[in-house]
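Observations on the model geometry
Listed below are the residues making up each chain.
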Amino acid sequence: MSLVSASTATNNVVEVKEVCLDFHTKDGVVKALSNVDLSINAGEFVSFIGPSGCGKTTLMRVLADLEKPTSGSVLVNGMSPTEARKQRAYGYVFQAPALLPWRTVQDNVLLPLEIMGYGKDQRQQLAQEYLQLVSLSGFEAKYPWQLSGGMQQRVSIARALSVEPQLLFMDEPFGALDEITRDHLNDQLLRLWQQTKKTVVFVTHSIPEAVFLSSRIVVMSPRPGRIIDIIDCNLPADRTLDIRESPEFLTIAQRVRAGLAAGHNYDD
Amino acid sequence: MTTNMRRKPGSTIPVLTVILAIIMIWYVGAINLNSPQIIDRYEKKGIDWSFSQLATDSWNMKRAVLPSPHQVLLELKTTIIDKNVTSKRSLIYHAGITLSSTLLGFVLGAGLGISLAVGIVYVETLDKSLMPWIITSQTIPILALAPMVIVVFGAMGISGLLPKALISMYLCFFPVAVGMVKGLRSPQPMLVDLLNTYSASKWQVFWRLRLPSAVPFLFASLKVAIALSLVGAIVAELPTGGQAGLGARLLSGSYYGQTNLIWASLIAAAVMSASLVSILGFIERKVCYRLAGGQEISNEL
């Protein structure tokens, strides 16, 4: 189904060419991204992995038009990130749930639908549908503070999905959660991706998380922020968390780890 | 728990103790300040006096330097309960006049402060140009400005409520503008980014994010502003030559050495100020409780 809506002649949802981004700070210029090339096909689950400061979040923010590259070209659905954002082409899940405390769970999910001008009945129906998808039916009238961190993050995922974008950006969505909740949500997210066939771009610094979820892993390195390896990762679709013990999983994880180590500059 | 309107258990006794201490210090102070005159009088008349005699006389002296609490209470009773509300000698009448310009000035000042804050947050030129002027405006002493405003408006044939309210407004708008700017800028960058990913308009960001986030800051400012507004109203009543209002009562009290009157007016002003701030505090708790999604609010005052 994503093939129908996924833009132009090519299958590329994201096309990044020679992108550089410099931040000007008091201590001088920081090269957050240096000569980044990447293309992402429709229906892929692509993870950016790397240590802090490698530009993985910055790269995703560039794709989402929250940051402007210094040079290079970026196309999202065949148009500029700004146009894509204006057309509301993607959903974005942040590191923290970013829920409005004065809105109930239901009203938080309704927020993007209100802003984008969906009709009242459709809003209600979509909110119900996606809250159910993240197993939060029955919590509609609760306020964010009444939910656990994991549940709050699920609300924010439902909120991102509710406008039914074909492209989903997720910036370390489970980074602040405990291991058990994280495993559980990884499992749920994998099912969700398989059900909806969306294109997902996912930032993480956890190797097992990246290998478990992704169809492709982009390994990045800091100073300057750059891509040092892109690893295909074709684990069986019906995988469960147990696959993390299997040899194929460990082989890929090993390659990611090697890539990270190679890119690490110990002089700093 | 529901909204915690009641004081924490155990705070009644400390509060009463402090009040008791203040009253005791007041009585001791009355002896200290009034006794020289009383002793003078005793010596002129050649009367033998004891300390208890001196204390009683100091506490009941007419035109005392510091009238004792019961004298002030008596003054409050005669000017509040015994006088008709429409009488020019009723404290309620004068308090009402001051209250009306306090409230009008507060509404105008809050309106101006909020508008300026929205301008500063949304228009970059205003952000750079306006704030220095706003701060400069507050360096002009209100005591110097008030007579000028009253006189200028008087020359234009405008007197009474409006010029006084303008002086209150002048004091009020500043904390509101400063608090509101901070409040409107208080949302986490992540939430602003979130609304940007929805390609939300400026007004959608204002109504759905910035304004609700600013409300706690706004209430803190409003509580400061309403107390200042009362100060402004009283100061504005001084140069009118003591026609009406608590400021006028303070002035005529000092003209005629009627210290009872001064203290009674002061207490009326203090009670009024405290009540206004408490009313705002009550509304603040209700509103902030809703904004926190019904979560208990900890910053109780």
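Worth saying up front: this structure is predicted, and the values here are computed from it rather than measured. Position numbers for residues start from 1 in each chain and track the written sequence from start to end. Chain A is the first chain written and ligand 1 is the first ligand written, with later ones labelled in order. Local features are withheld for residues below a pLDDT of 70 in this predicted model, meaning they are given only at 70 or higher, and side-chain atom pairs are given and counted only at 80 or more; totals for whole chains, interfaces and linings count all residues.

Observations regarding the interface of chain A and chain B
Taken together, the 18 residues of chain A in the interface contact 18 residues of chain B. Numbering of helices and strands starts at the N terminus; helices are DSSP runs of H or I of at least 4 residues and strands are runs of E of at least 2. Secondary structure elements with two or more residues in the side of chain A that touches chain B: α3 (81-86) and α4 (105-115) of chain A. Top contributing element to the side of chain A that touches chain B by residue count: α4(A), with three residues. In terms of residue class, the side of chain A that touches chain B is built from 15 nonpolar, no polar and three charged. Here, residue contact means that the backbone-derived C-beta atoms of the two residues sit within 7 Å. In this classification, the charged set is Asp, Glu, Lys and Arg, the nonpolar set is Ala, Val, Leu, Ile, Met, Phe, Trp, Tyr, Cys and Pro, and all remaining amino acids, among them Gly, are polar.

A look at the sheet that holds strand β9 (residues 226-232) of chain A
Residue and element names in this part refer to chain A. If you walk across this open sheet you meet the six strands as β5-β6-β7-β3-β8-β9, and the pairing is mixed. In this open sheet, the two edge strands, each paired with only one partner strand, are β5 (90-93) and β9. Recorded for the sheet is a direction-independent mean angle of 15 degrees between the axes of neighbouring strands. Paired strands are those between which DSSP finds at least two bridges. Inspection of the sheet shows strand β3 (residues 45-49) paired to strand β8 (residues 216-221) by four bridges, in the parallel sense. Paired with Ser47 across the strands is Ile217, a residue of β8. In this fold helix α9 (residues 247-263) packs onto β3, β8 and β9, with an angle of close to 170 degrees to the strand it touches most, β9. Here the axes come from fitting lines to C-alpha atoms, over the contacting stretch only for helices, and the angles between their N-to-C directions go from 0 to 180 degrees.

Overview of the nonpolar core
Ranked by size, the top nonpolar core spans 84 residues in total, and within it A:Leu63, A:Ala158 and A:Phe169 carry the most contacts. The contact partners of A:Ala158, leaving out residues within four places of it in the chain, are A:Val109, A:Tyr130, A:Leu131, A:Leu133, A:Val134 and A:Leu136. Formed by 51 residues, the second largest nonpolar core is a distinct cluster that contains B:Val176, B:Leu222, B:Leu228 and B:Leu230. For this analysis, nonpolar core means a set of buried Ala, Val, Leu, Ile, Met, Phe, Trp, Tyr and Cys residues linked through C-beta atoms within 7 Å. Note on burial: count the other C-beta atoms lying within 10 Å of the residue's C-beta; 20 or more is buried, 12 or fewer is exposed, in between is partly exposed, and C-beta positions come from the backbone.

Quick word on the sheet that holds strand β1 (residues 12-25) of chain A
Residue and element names in this part refer to chain A. The strand order across the open sheet formed by three strands is β2-β1-β4, and the pairing between neighbours is antiparallel. At either margin of the open sheet sits one strand with a lone partner, and together these are β2 (28-41) and β4 (71-76). Here the strands of the sheet are splayed against their neighbours by 20 degrees on average, with no regard to which way each runs.

Focus: the domain arrangement of chain A
Accessible area lost during the coming together of the parts is what is often quoted as the interface size. Residues and elements named next belong to chain A. Note: domain ranges come from an automatic or database domain assignment. Looking at chain A, the domain boundaries give domain 1 (2-89 + 166-263) and domain 2 (96-164). Taking only C-alpha atoms into account, the centre of domain 1 sits 24 Å from that of domain 2. Contact residues are listed per partner, giving nine residues for domain 1 and nine residues for domain 2. For the side of domain 1 that touches domain 2, the residue count by class is seven nonpolar, one polar and one charged.

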